[in-house]
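Here are the chains, one letter per residue:
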Amino acid sequence: MEVVVLSPMTETVSVSREIAASAEEVWALVSDLTSMGRWSPENRGGTWKGGATGPAVGARFRGRNGRGRRFWSTVVTVSECDQPRRFAFELRIGRLGGADWIYDIEPGNQRCVVTETWVDRRTWLLARIGTLVTGVSDRATYNRKGMVATLENLALACENSQ
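Procedures and definitions
- Residues numbered from 1 in each chain as written.
- Predicted model: local features only at pLDDT ≥ 70, side-chain atom pairs only at ≥ 80, totals over all residues.
- Heavy atoms only, no water.
- Phe/Tyr/Trp six-rings, centres within 6.5 Å; stacked < 30°, edge-to-face > 60°.
- Helix = DSSP H or I, 4+ residues; strand = E, 2+ residues; numbered from the N terminus.
- Buried < 20%, exposed > 50% of the residue type's maximum accessible area, 1.4 Å probe, protein only.

## With respect to the packing of aromatic side chains
In total, this model carries 4 aromatic pairs according to the counting rule given. When the ring of Trp27 is compared with that of Phe87, the centres are 6.1 Å apart and the planes differ by 85 degrees; the resulting orientation is edge-to-face. With a gap of 60 residues between them, Trp27 in helix 1 (residues 23-30) and Phe87 in strand 5 (residues 86-92) connect regions that are remote in the sequence. In this structure, Trp27 and Phe87 share a single accessibility class: buried. Considering the side-chain rings of Trp48 and Phe61, the 5.1 Å spacing of their centres and the 70 degrees angle between planes classify their relative orientation as edge-to-face. One end of the pair, Trp48, is in strand 2 (residues 43-49); the other, Phe61, is in strand 3 (residues 60-67), with 13 residues separating them in the sequence. An aromatic cluster is defined as three or more aromatic residues linked by ring pairs; in this entry it consists of Trp27, Phe87 and Phe89.

Dropping the structure here:
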């Protein structure tokens, strides 16, 4: 039996932004995956799976995503849940790989710095499938723009609630 090894990519994109809100307030927003569609230009929200009702290590979530007339869903698993400093989840599609999404929050005096990171762990085959499904061939550049928008939307929501 021949075993085919599909080497994953390991490109990483990070975007940081200072937000005039507490780390606790920001953590509550980024860890509420059901509301992520309010901040992200690609995510449309989703639902917790398997009895999960909120963020916890091992909790699974089905996210709905869209771009123009294209729609798709993914299932992610919460991999880190360190309130209020770090929240992370991972997408894995078997041996095809996936991606990690990480939110690091550095608290300050009435402010915090939020860093959103995307780690590309897709194999070349999953990257190709992703291009066909989403219409995005340069996922790193596309995600960087979306991450800037996400953090801007988070900042506006936090700063307008003050």
